[in-house]
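# Summary of structural features
Each chain, written out:
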Amino acid sequence: MKIPFINTTSSPEKKGVHLNRRLVTFLFCLSISAFFWVMMSLSKEYSIRLNFPVEYINLPIDKVIANNLPETIEIQVKSSGFNLLVYKMRHKNDTIQLDIKDSKALPVKNHFYLPANSQADKITAQFSNNIKVVKIVPDTIFLNFNKKITKKVPVKANLTIEFDKYYQQTDSVKVIPEYIRISGAAEVIEKIKYLETVPAIIKNVNDSLLLKQNILRTPDLKLVDLSQSEVQVKVNVTKYTEGSLELPIEIENLPAGYGLKIFPDKISIKYNVAFQNYEKITVLQFRAIVDYSKIEPGSNKLKVQLVKSPSEVRSIKINPEKVEYIIRKK
């Protein structure tokens, strides 16, 4: 009688399942340990430095600040790691307010200083209850006050316009309103003669424009208040076509007893005109001359001058620009 053979070695599949269970158990225990380690770390107290943009409040109504103030401050705060982590996640774009009315006078007239650390309680109040302000940098902010004045200045549109073929601007660019009020320190305001809009390039224009444009904030305007920060810019645009005509040349300043024969005695004129005005343009609206007094020795040509043309036309070209002449004595 044969005894059956029994293989006591585990199959590869069973080994794999056993190893996977051990790996999962190990990773689970590692995760639990890491969680408790993180929680213990976050429960400890930490001190970190954070940078914040600054807003200055309670400025005097009749005065302005004439010097550049820090736009950001560095604040050292202390709290648990958990509180600091939550704050950074929820309040990363916060702005800190500094109260100008707490500033103190210096011996020099209109010069003050604000001890930033004296604002610690007010700044702490801007954080959550569990965060304490330890230090503020810079520790002192200096302020120069000046008398506030107001004046009106014109606004210029800073536009570059590229028109479609046959389209052109019909008149000057209009800014609405033409003037705005600016307020600030006297020595700053007196230097500002005009304001400009933010530069803009507009292409493929084939219709009139009405745009909202922001005022360009140059460094000179950093400490200046504007009555409004944007204006409207209006550009009238219409379709143009080319017109042409022939025009006789008149002679001026011809001395008595002399005759002047010019060759040719007419010029051709080409011009652009708004499509709706094309039929209104006539030869009587133009006048071309040559001036006898402009004759130069040794030259046999005179320059043709167009001394009259209608306001509706533009880009005028004349041909020829000079004519030959013969002087005759009567």
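Predicted, not measured: the structure shown is a model, and the values here were computed from it.

### Quick word on the environment of Glu 279
- Counting through the fold element by element, Glu 279 comes out in the loop between β20 (266-274) and β21 (287-291).
- In this structure Glu 279 comes out as exposed when scored by relative accessible area, which is 70%.
- The spatial distance from the C-alpha of Glu 279 to the C-alpha of Gly 243 is 9.5 Å, given a sequence separation of 36 residues.

### Brief notes about the sheet that holds strand β25 (residues 322-329)
- Spatial ordering of the open sheet is given by β19-β25-β22, a layout of three strands whose pairing is antiparallel. Edge positions in the sheet fall to β19 (258-263) and β22 (301-303), since each has one partner strand and no second. Between one strand and the next, the sheet's axes are offset by a mean angle of 45°, whatever the strand orientation.
- Alignment of β19 against β25, held across six bridges, turns out to be antiparallel. Note on β25: the bridge partner recorded for Gly 259 is Arg 328.

### Some words on the pairing of β25
- The pairing of β22 with β25 spans three bridges and is classified as antiparallel. Bridged to Leu 302 within β25 is Val 323.

### Side note on the environment of Ser 118
- Residue position: Ser 118 is located in the loop between β6 (111-115) and α3 (120-124).
- Sequence separation between Ser 118 and Asp 139 is 21 residues; the distance between their C-alpha atoms is 8.9 Å.

### Details of the sheet that holds strand β17 (residues 230-235)
- Pairing is antiparallel across the open sheet formed by three strands, whose spatial order is β11-β17-β15. Here the strands that pair on one side only, and so sit at the sheet edges, are β11 (174-176) and β15 (209-214). On average, each strand axis in the sheet is tilted by 30° relative to the strand beside it, whichever way the strands run.
- Pairing geometry for β11 and β17, over three bridges, is antiparallel. By the bridge assignment for β17, Val 175 is matched with Val 233.

### Comments concerning the layout of surface pockets
- Estimated volume of the largest pocket: approximately 500 Å³.
- Tyr 56, Leu 59, Ile 65, Lys 222 and Leu 223 are the residues nearest the centre of the largest pocket, which is lined by 19 residues in total.
- Elements represented by at least two residues in the lining of the largest pocket include exactly β1 (45-57) and β2 (63-65).
- Per-class residue counts for the lining of the largest pocket are 10 nonpolar, three polar and six charged.

### Here's the deal with the side chain of Asn 272
- Relative to the elements of secondary structure, Asn 272 occurs in strand β20.
- If sequence neighbours within four positions are ignored, Asn 272 has contacts with Gln 168, Tyr 240, Thr 241, Glu 242, Glu 312, Val 313, Arg 314 and Ser 315.

### Let's talk about the packing of aromatic side chains
- Under the counting rule described, the total for this entry stands at two aromatic pairs.
- Centre to centre, the rings of Phe 112 and Phe 145 are 5.0 Å apart; their planes meet at 65°, and the pair counts as edge-to-face. One end of the pair, Phe 112, is in strand β6; the other, Phe 145, is in strand β8 (residues 140-156), with 33 residues separating them in the sequence.
- Ring centres of Tyr 271 and Phe 286 lie 5.7 Å apart, and the angle between their planes is 35°; on these two criteria the pair is classed as tilted. With Tyr 271 in strand β20 and Phe 286 in the loop between β20 and β21, this residue pair connects regions lying 15 residues apart in the sequence. By the burial criterion, Tyr 271 is buried, and Phe 286 matches it.
- The ring of Tyr 194 is capped by Lys 156, whose NZ or CZ atom sits 4.0 Å from the centre of that ring.
- Over the face of the ring belonging to Phe 275 we find Lys 239, whose NZ or CZ atom lies 5.9 Å from the ring centre.

Cut-off values and rules
Residues numbered from 1 in each chain as written. Predicted model: local features only at pLDDT ≥ 70, side-chain atom pairs only at ≥ 80, totals over all residues. Heavy atoms only, no water. Helix = DSSP H or I, 4+ residues; strand = E, 2+ residues; numbered from the N terminus. Buried < 20%, exposed > 50% of the residue type's maximum accessible area, 1.4 Å probe, protein only. Pairing = 2+ DSSP bridges. Axes fitted to C-alpha atoms, helices over the stretch in contact; angles between N-to-C directions. 1 Å grid on protein atoms, 1.4 Å probe; cavity = no way out; pocket = protein on both sides within 12 Å on 5 of 7 lines; lining within 4 Å. Points joined across faces, edges and corners; volume = space filled by probe spheres on them. Nonpolar A, V, L, I, M, F, W, Y, C, P; charged D, E, K, R; others polar. Contact = heavy atoms within 4.5 Å. Phe/Tyr/Trp six-rings, centres within 6.5 Å; stacked < 30°, edge-to-face > 60°. Lys NZ or Arg CZ within 6 Å of the ring centre and 35° of its normal.

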